[in-house]
Each structure stands twice: as structure tokens, then as C-alpha cells.
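These are the residues of each chain, in order.
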Amino acid sequence: MSVSAAIYGCAGLELDEVERAFFRAAQPWGFILFARNIDTPDQVRRLIASLRKAAGHDAQILIDQEGGRVQRLRPPHWHRYPPGRAYGAVHSADPETGIKAVRLGARLIAEDLRDLGITVDCLPVLDVPAAGAHDVIGDRAYAQSPDDVAALGRAAADGLLAGGVLPVMKHIPGHGRAGVDSHKSLPVVSASRRELEETDFPPFRALLDLPLAMTAHVVYAAIDPDAPATTSKKVIGEIVRGHIGFDGLLMSDDLSMEALAGDLGARARASLAAGCDVVLHCNGRMAEMEAVAGEAPLLVGTARTRAESAEAMRLQRTKALDPAENHARLAEILADYG
């Protein structure tokens, strides 16, 4: 069936009739869940079933389940996971053990997600943090070195895929130098293109075969001083699709973030015109979603092919693992190097 090139959030723990009618008409490619949508495992399963029923197809269900500060599923029903930096600390002391730990952590997250019906995790974070940058990335980053970020990011993506969950690398082509939080204002990065190509872009190039990526709401003045990556044809064309070589499904970061200018319809239109395959709107506000839906086309052509290729990768799940045994193993590794 035809679906639209959009991903939406919803307001609460269950859908109301207005939301059902909107999603029935909009038929988005996917949905994204936040803490406001999560109570118990059974409640989450019911909500996911109702989202898919409203959309009329087996929509992708996304979540930000990184660990640390960015973890929507939390105790007491789900385990607490460490931030990326904790895995980086293990990797710094013992690279082989660090890779095993981050892969195992992601594999365990995938078990949690698949149990609920969630199919996509917005992980790994491939941003390389710069000195003096805003801490919106902070300990979410695996390491300071592009090579280490790439190695740990690859292991995290492998862990998710082994558990039948699609990874999303973010925030392409790099959010680590941002001096402000793009949720609240627009970061402008003044680094030269050479600096960006040496430090910020390499982790994304190393993982260019991954199925999904999310853009950064960041202006790279050396490339396009007038628009953030999400709405820049030059950044998406020359850097994301060109220099980095990513040919998977490209989604915008959240259109409701204050880094972007214009109304929601204009933001959606600009993102799609710049080269995003799918637009993401997270806050569940109906008027804003209606504005986005007015600009979101059907997912067709190359964008649909990319979506189908991503969905096929999700089916390559390996055998299940014992959660209790492996959570204990992960905790032991982190304690040894903490």
C-alpha cells in the first residue's frame, strides 16, 4: 500500500479518536515513541497495535533508546543502560572488551524493543565531540577520536541488527561541534571543510552501509552558511550523499525543534526539497502534524526503495539470547572498567 514520507509522534498513552482519524488519513511510514507514551509493557504493546491499525499497515515504530540521558524505556519495567561514553571508557582501556560490551548492550536493547513491537532504534550516535561544544551530545558520544566513534558505533549497529532492530546513525554529518542545543536554537559551526572531513564526517563514512540516518539541524558555514544540513541541498547532496556516500533512507531530525525556521509546513517542505526522504515530527501536536501532512508526499521512487531495503535488513535477526545472564555479564564488564 502507499504510505506517506513522514514519521509522527502521538500525545499520550493511548490514541484518541482525533489521532486515529488523522493517522488513518495520513498513513505515515512510521511513528516515534517518547516517555509520555510509555507506562507498562502491555500498555506500550496496545499503543503500538493501535498506531499500526490506524495507519493501516505494519508501520515502523521508532524510539530513542541510547542509554544514559536518552532512554525512553526506563526502570522498573526495563533495564537502565549506560551512556555511550561508558562504553568508550572500556574501549580506551581494552578495545576488544569495549567492542564486545557496546555490541552486547545494543543487543540487549534490541531484545527489549522487539518484545514490545518496536522496530527502529535511533542509535548509534556518531557525533565526535569538540572541546567547548554544548553538552547536548556530551556523554552520548562514544569517544573523542573519529576512529573510536566509528568502531563503537559499528558494534552498536551490529548488536541492534542481530536483535532484529534497525539502527539509525545520527546526527549526519555531525553534531559534535555545536555550541548550542539545536532543540532550542540553531547551531552554526565555523570549522573549515578540511577540519570537518578529517574529524566529523569519518564515522559516517565508515558506516555508510547502514540502512537509516538522521540529519543534524546544524549550519556548516564552510559548506552552506544559509541553511542547516536538514534543509540544505548542498550539504545533503555534496556531503551526505556525495563525500560520505550514504545511500540509505535519510530522515530529518525533529521538525518541531527550534533550530529550524518557518512554520511546520515550510520546515517539512524545505527538508524534503533538500533531499530528506522522510520527515520526522515528534511532539504529537495535532495542528503541527496536520501542517506537516499537507507537505509530506507519498513515499515513492528512490525513497521507497531505500525504505524497503532498510526493512529487509531488519529480518536478519540471529538467535535469541538469555537476557538475565547477559545483563549480568554487561554489568560486570562496566564495573570492571568503571
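Scroll up to find the structure this text is about.
Heads up: these notes are all about the structure in this document. (Residues numbered from 1 in each chain as written. Predicted model: local features only at pLDDT ≥ 70, side-chain atom pairs only at ≥ 80, totals over all residues. Heavy atoms only, no water.)

**What to know about the overall build of the protein**
Tallying secondary structure elements over the protein gives 12 helices and 12 strands in all. In terms of C-alpha radius of gyration, the protein reaches 19 Å, essentially the compact-globule figure of 20 Å for 338 residues. Structurally, the protein occupies a C-alpha span of about 50 × 50 × 30 Å along its principal axes. Scored against the burial criterion, the 338 residues of the protein give a buried share of 59%. Excluding contacts between residues fewer than 6 apart, the proportion of contacts in the protein whose partners are at least 24 apart in sequence is 77%. For the protein, the centre of its 36 positive side-chain charges and the centre of its 45 negative side-chain charges are spaced 2 Å apart. (Helix = DSSP H or I, 4+ residues; strand = E, 2+ residues; numbered from the N terminus. Rg over C-alpha atoms; globule rule 2.2 N^0.38 Å. Buried < 20%, exposed > 50% of the residue type's maximum accessible area, 1.4 Å probe, protein only. Contact = heavy atoms within 4.5 Å. Lys, Arg positive; Asp, Glu negative; His and termini not counted. Charge placed at Lys NZ, Arg CZ, Asp CG, Glu CD.)

**Quick notes on the pairing of strand β3 (residues 60-63)**
Side chains Gln60 and Leu62 of β3 all project onto a buried face; the interleaved residues Ile61 and Ile63 project onto the opposite face, where all are buried too. Pairing analysis gives 4 bridges linking strand β2 (residues 28-33) to β3, with the strands arranged parallel. What sits directly across from glycine 30, in β3, is glutamine 60. For the segment spanning β2, helix α2 (residues 41-55) and β3, crossover handedness is right-handed. By the bridge criterion, 2 bridges tie β3 to strand β6 (residues 120-121) in an arrangement that is parallel. Looking at the pairing, leucine 62 lines up with valine 120 of β6. (Pairing = 2+ DSSP bridges. Right-handed = clockwise from strand over helix to strand, strands pointing away.)

**Some points on helix α4 (residues 95-116)**
Counted at 1.5 Å a residue, the expected span for α4 with its 22 residues is 32 Å, and the 32 Å between its end C-alpha atoms agrees. Within two residues after α4, glycine 117 carries a phi angle of roughly 100 degrees, on the positive side. (Expected span 1.5 Å × (residues − 1).)

**Section: the pattern of salt bridges**
Considering all chains together, one arrives at 22 salt bridges under this definition. In this structure, arginine 72 engages aspartate 64 in a salt bridge whose closest nitrogen and oxygen atoms are separated by 3.4 Å. The class of aspartate 64 is buried, set by a relative accessible area of 8%. Taken together, the shared-partner salt bridges connect Asp64, Glu66, Arg72, Arg140 and Lys170 into one network. (Salt bridge = Lys/Arg side-chain N within 4 Å of Asp/Glu carboxyl O.)

**Examining the pairing of strand β9 (residues 212-215)**
Burial of β9 is two-sided: the residues Leu212 and Met214 facing one way and the residues Ala213 and Thr215 facing the other way are all buried. As paired elements, strand β7 (residues 166-172) and β9 share 4 bridges and run parallel to each other. For isoleucine 172, the partnering residue across the bridge sits in β9 and is threonine 215. As paired elements, β9 and strand β11 (residues 249-254) share 3 bridges and run parallel to each other. Each residue of the ladder has a partner; that of methionine 214, found in β11, is methionine 251.

**With respect to the sheet that holds strand β1 (residues 4-8)**
Pairing is parallel around the closed barrel formed by 8 strands, whose spatial order is β1-β2-β3-β6-β7-β9-β11-β12. Sheet topology places β1 next to β2; 3 bridges connect them, and they run parallel. Considered in β2, the bridge of serine 4 is made with proline 28. Of the strands in this sheet, β2 and β3 touch α2, which is tilted by about 160 degrees from β2. (Axes fitted to C-alpha atoms, helices over the stretch in contact; angles between N-to-C directions.)

**Side note on the environment of histidine 171**
Turning to its location among the elements, histidine 171 is positioned in strand β7. Residue classification places histidine 171 among the buried positions, given a relative accessible area of 6%. Sequence separation between histidine 171 and leucine 334 is 163 residues, and the spatial gap between their C-alpha atoms is 26 Å. At 2.7 Å, the side chain of histidine 171 forms a polar contact with the side chain of aspartate 127. (Polar contact = N/O pair within 3.5 Å; in protein donor to acceptor, adjacent residues only side chain to side chain.)

**Here we look at the packing of aromatic side chains**
Within the structure shown, the criterion is met by 4 aromatic pairs. Relative to phenylalanine 22, the ring of tyrosine 8 has its centre 5.3 Å away and its plane inclined at 65 degrees; by these criteria the two rings are edge-to-face. Here phenylalanine 22 lies in helix α1 (residues 17-26) and tyrosine 8 lies in strand β1, a separation of 14 residues in the sequence. Relative to phenylalanine 31, the ring of phenylalanine 23 has its centre 4.9 Å away and its plane inclined at 80 degrees; by these criteria the two rings are edge-to-face. In this structure, phenylalanine 23 and phenylalanine 31 share a single accessibility class: buried. Members of the aromatic cluster, each reached through a chain of ring pairs, are Tyr8, Phe22, Phe23 and Phe31. (Phe/Tyr/Trp six-rings, centres within 6.5 Å; stacked < 30°, edge-to-face > 60°.)

Structural measurements only, silent on function.
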